[in-house]
Amino acid sequence: MAGHIFQDSKTPASVEKITNTSKRLSPLLALLDLVKPYRARFWLATVALLVSSGLGLVYPQAARKAVDQALADHSMTQLNRIAAVLILLAFIQGIFIWVRHYLMSWLGERVVADLRVRVFDRLLGLPPSWFHARHTGEIMSRLSSDVTVIDGLVGTELSMALRHGLTLIGGIVMLLVENAKLTLIMLSIVPPLVLVLVWFGRRVRVLSRALQDRHAVTATRVEEVVSSMQTVQSFVREAREASTYRGNVDAGFEQSVHLIRWRASLFSIVTLAVSIAMAVILWVGGREVVAGKISGGNLLSFLLYTVMVAAAVGALASLGGALQRAAGATERIFEILHTTSDICDPPDPQPLPAGGGAVRFDHVEFSYANRADQSVLHGISLDVAPGQSVALVGQSGAGKTTLTALLQRFHDVTGGSISFEGVDIRKLALSDLRRHIVIVSQEPVLFSGSIMDNIAFARPDASPAEVESAARDAHAHEFIQGFSNGYQTQVGERGVQLSGGQRQRIAIARAILADPRVLILDEATSNLDAESEALVQKALQRLMVGRTTLIVAHRLSTVRDADKIVVLEQGRIVESGRHDDLIALHGTYQRLIEHQVVRGVISA
Ligand code: ADP
Ligand code: MG
């Protein structure tokens, strides 16, 4: 923990056999993919969108009619009729706007909810190496803020963009119908404007992405500091952390201002272009009216369409920035979604044979992908018969934990193979493999919730009686009974703080309930004081009965009772055998005992 906040914040460039295929699809197209299950609603929404936007285009026509016919003829009846039709259209348009808004927002919420679930599902399937290469804060920021950005995108921005896009196209078509010459004059400003917009848009996108990344970095640091506050305070790092934070926030501010400058320029350029276009149209069109070539109503409706088109262009330009930002967020979310790992079920998994937990390491080679040049395990061959207990001893860093992680397939071997019940573990379904191998580690992980929930984590369908029986076997029942809420006592942040020994015994009860064929004890007692260690030791002994056990231990009494002791040194098996034989060798094992790596008094 203490070292955690000082960790290097760079992430390794390549991660073990994890492939990212997100470059295949443009992010917004990928979003559209998520809409597929709701096709019917999508098309209905699109129809409502078309109708409501289309009806909007009728108003300038009505204005033209009013000016050229009703006003020119001084006809009250015609004017009344036009007004009545307009009001009727307004009601119809209102209904379609409601339908459009409701369905589009519904789709947005639905897609985002689906997206959250898919991202979380994907996270659950990723191997430890992926998480080692990232910070918790960064992942959380993707799940919360990036998804929120997409929420805005799908729920409102995308449908606004569609609506304005339709108005833009419809408006231009109507303009061409009204007066092709005037329209061409107006449209002559469009190509340069589009070029400017594209160029600005690209800048905005790059800057937005940089800003989001900056926020993620800041959030990561905050997360680390908050979760290790005691370490920060005990090393009197408050002032340093405060200034680092201020530095990050200020840098974020600078980047935001930079972004704002670009957005402001974009906005004013668009407005300027539109105003000039209006002035030119009024001037050119006005001359045609004066010359009697077009009617006043004609010019009025033309100006109204121009206003509509201009408003649509302006809205699209400012939406462009939001869309770009959302594209950045979408890209990162889909980066997670398209990450696949080689550590997954084989296409045609073999059924797990019945057995008592036979494990075999066959010339296993391994190196971590982020340090591929440094080999962690070399030529490890080890046969563990059902029910046997094997103690792994060696200096810290020798590779003991790595060896146990390979057995559960949290990493794949880089050479050789591991088999379980005689089957290569890469040919088994992951769930079959892991269900029968349970690790009790140095730091038991308890989730927030009741003690009952925490024990039943191994088997949610277990009855309260089964949970209690497991707790009794783990010597945990007594202290659990001591709490006023018994098994319903909440653990963790808002509940009872448990001692290391108590947590460990809950973890053991969980393992007993899981009833695995193979048990891995990774320094399960090394963090405990002598008294809790004795209790935990008793619980472990109970748990080991009738199971294959791999024990990583420092306690001589535990090691001595093992059926086989394997001594690891820098990733190699240097000695193996029973206690007395190894002592007689006067080799590494003996040295480990002398140097108290394996602690205890030799009673010989
Ligand atoms: P032990 O459990 O015997 O103390 P480990 O199996 O934890 O040893 O570590 C063996 C070696 O692998 C060490 O050199 C360690 O630095 C390295 N190592 C452990 N975990 C990782 C990891 N996630 N990425 C890269 N190297 C690692
Ligand atoms: Mg270890």
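Residues numbered from 1 in each chain as written. Chains lettered and ligands numbered in written order. Predicted model: local features only at pLDDT ≥ 70, side-chain atom pairs only at ≥ 80, totals over all residues. Heavy atoms only, no water.

K.L.:
Before we move on, can you summarise the overall build of the protein chain with the specific residues and values?
P.N.:
Within the protein chain, the regular secondary structure consists of 21 helices and 14 strands. Compactness check: the protein chain gives a C-alpha radius of gyration of 35 Å against a globular reference of 25 Å for 604 residues, more than 25% above the reference. Principal axes of the C-alpha set define a box for the protein chain whose edges measure 120 × 50 × 45 Å. Looking at the 604 residues of the protein chain, the share that counts as buried comes to 46%. (Helix = DSSP H or I, 4+ residues; strand = E, 2+ residues; numbered from the N terminus. Rg over C-alpha atoms; globule rule 2.2 N^0.38 Å. Buried < 20%, exposed > 50% of the residue type's maximum accessible area, 1.4 Å probe, protein only.)

K.L.:
Explain the domain arrangement of the protein chain to me, using residue names and the numbers behind them.
P.N.:
Here the domain parsing of the protein chain yields domain 1 (35-337) and domain 2 (359-603). One C-alpha centre belongs to domain 1, the other to domain 2; they are set 56 Å apart. (Domains from an automatic or database assignment.)

K.L.:
If you had to explain the pairing of strand β14 (residues 572-577) to someone new, which residues and values would you point to?
P.N.:
By the bridge criterion, five bridges tie strand β13 (residues 564-569) to β14 in an arrangement that is antiparallel. For Glu569, the partnering residue across the bridge sits in β14 and is Arg572. Connecting β13 to the next strand, β14, in antiparallel fashion are two residues, including Gln570 with a positive phi near 45 degrees. (Pairing = 2+ DSSP bridges.)

K.L.:
Residues and numbers for the pattern of salt bridges, please.
P.N.:
Using the criterion set out here, one finds 18 salt bridges in the structure. For Asp461, the salt bridge is made with Arg459, and the minimal N-O distance between the two is 3.6 Å. For Arg459, a relative accessible area of 26% corresponds to the partly exposed category. Each of Asp146, Asp213 and Arg332 takes part in one network of salt bridges that share partners. (Salt bridge = Lys/Arg side-chain N within 4 Å of Asp/Glu carboxyl O.)

K.L.:
I'd like a rundown of the packing of helix α2 (residues 39-56) against helix α6 (residues 136-178), residues and numbers included.
P.N.:
When two helices pack together, their arrangement is given by the angle between the helix axes and the distance between those axes. Running from N to C, α2 and α6 cross one another at 45 degrees; their axes reach a closest spacing of 9 Å. In terms of axis orientation, α2 runs oblique to α6. Judged by the sense of rotation from one axis to the other, the crossing of α2 with α6 is right-handed. Contacts from Leu49, Leu50 and Ser53 in α2 reach Ser159, Leu162, Arg163, Leu166 and Thr167 in α6. Partitioning the contact of α2 with α6 into residue classes produces four nonpolar, three polar and one charged. (Axes fitted to C-alpha atoms, helices over the stretch in contact; angles between N-to-C directions. Parallel < 35°, antiparallel > 145°, perpendicular 65-115°, else oblique. Left-handed = near helix turned anticlockwise from the far one by under 90°. Contact = heavy atoms within 4.5 Å. Nonpolar A, V, L, I, M, F, W, Y, C, P; charged D, E, K, R; others polar.)

K.L.:
Pulling in residues and values, what's your account of the nonpolar core?
P.N.:
Among the nonpolar cores identified, the biggest contains 51 residues, and Ile455, Ile508 and Tyr589 are the most heavily contacted of them. For this core, the leading source of residues is helix α17 (residues 500-514), giving seven residues. Listed in part, the 30 residues of the second largest apolar core include Ile380, Val390, Leu407 and Leu550. (Core = buried A, V, L, I, M, F, W, Y, C linked by side-chain atoms within 4.5 Å.)

K.L.:
If you had to explain the packing of helix α4 (residues 76-124) against α6 to someone new, which residues and values would you point to?
P.N.:
Where α4 meets α6, the axes come as close as 9 Å, and the angle between the chain directions of the two elements is 155 degrees. Looking at the two axes, α4 sits roughly antiparallel to α6. In terms of crossing hand, the pair formed by α4 and α6 is right-handed. Classifying every residue of the contact of α4 with α6 gives 14 nonpolar, five polar and five charged.

K.L.:
Describe the packing of aromatic side chains, and please don't skip the residues or the numbers.
P.N.:
Taken as a whole, this structure holds 10 aromatic pairs when the rule is applied. Here Phe42 and Trp43 contribute two aromatic rings whose centre-to-centre distance is 5.3 Å and whose plane-to-plane angle is 70 degrees, an arrangement assigned as edge-to-face. Taken together through their ring pairs, the aromatic side chains of Trp199, Phe200 and Trp262 make up a single cluster. Arg287 extends its terminal NZ or CZ atom over the ring of Trp283, reaching a point 5.2 Å from the ring centre. (Phe/Tyr/Trp six-rings, centres within 6.5 Å; stacked < 30°, edge-to-face > 60°. Lys NZ or Arg CZ within 6 Å of the ring centre and 35° of its normal.)

K.L.:
Give me the lowdown on unusual backbone geometry, citing residues and values where you can.
P.N.:
Despite not being glycine, Gln570 has its phi angle at roughly 45 degrees, a positive value. Checked against the element boundaries, Gln570 lands in the loop between β13 and β14. Using a relative accessible area of 67% as the deciding quantity, one classes Gln570 as exposed. The phi dihedral of His586 falls on the positive side, at around 55 degrees, and the residue is not glycine. The exposure class assigned to His586 is exposed, which follows from its relative accessible area of 61%.

K.L.:
Tell me about the site of ligand 1, and please be specific about residues and values.
P.N.:
The immediate surroundings of ligand 1 are formed by 14 residues, with Gly397, Gly399, Lys400, Thr401 and Thr402 found nearest. A distance of 3.2 Å separates a nitrogen atom of ligand 1 from a polar atom in the side chain of His132. Contact with the protein chains hides 75% of the accessible area of ligand 1, taken as 560 Å² for the molecule alone. No other element matches the three residues that helix α12 (residues 400-407) contributes to the shell around ligand 1. Considering only residue class, the shell around ligand 1 consists of three nonpolar, nine polar and two charged. (Near = heavy atom within 4 Å. Polar contact = N/O pair within 3.5 Å; in protein donor to acceptor, adjacent residues only side chain to side chain. Areas by Shrake-Rupley, 256 points an atom, 1.4 Å probe, with all protein chains shown as cover.)

K.L.:
Any details on a nonpolar patch on the surface? Residues and values, ideally.
P.N.:
Together, Val222, Val226, Met229, Tyr245 and Val249 make up an exposed nonpolar region whose accessible area comes to about 410 Å². The set of elements that each furnish at least two residues to the nonpolar patch consists of α8 (190-227) and α10 (238-290). Assignment of secondary structure puts Tyr245 in helix α10. Classification of Tyr245 by relative accessible area gives partly exposed; the value is 43%. (Patch = residues over 30% accessible without salt bridge, like charges linked within 9 Å, V, L, I, M, F, W, Y side chains within 5 Å.)

K.L.:
Outline the environment of Phe42, supporting the account with residue identities and numerical values.
P.N.:
Counting through the fold element by element, Phe42 comes out in helix α2. Put simply, Phe42 and Arg142 are 100 residues apart on the chain and 27 Å apart in space, counted from C-alpha to C-alpha. Aside from chain neighbours lying at most four places away, what touches Phe42 is Val35 and Leu107.

K.L.:
Before we move on, can you summarise the environment of Pro128 with the specific residues and values?
P.N.:
When you line up the elements, Pro128 lands in helix α5 (residues 128-132). According to the relative accessible area criterion, Pro128 is partly exposed, its value standing at 22%. For the pair formed by Pro128 and Ala405, sequence separation is 277 residues and the distance between their alpha carbons is 9.8 Å. Sequence-distant contacts of Pro128, that is, excluding residues within four places in its chain, are made with Phe410 and His411.

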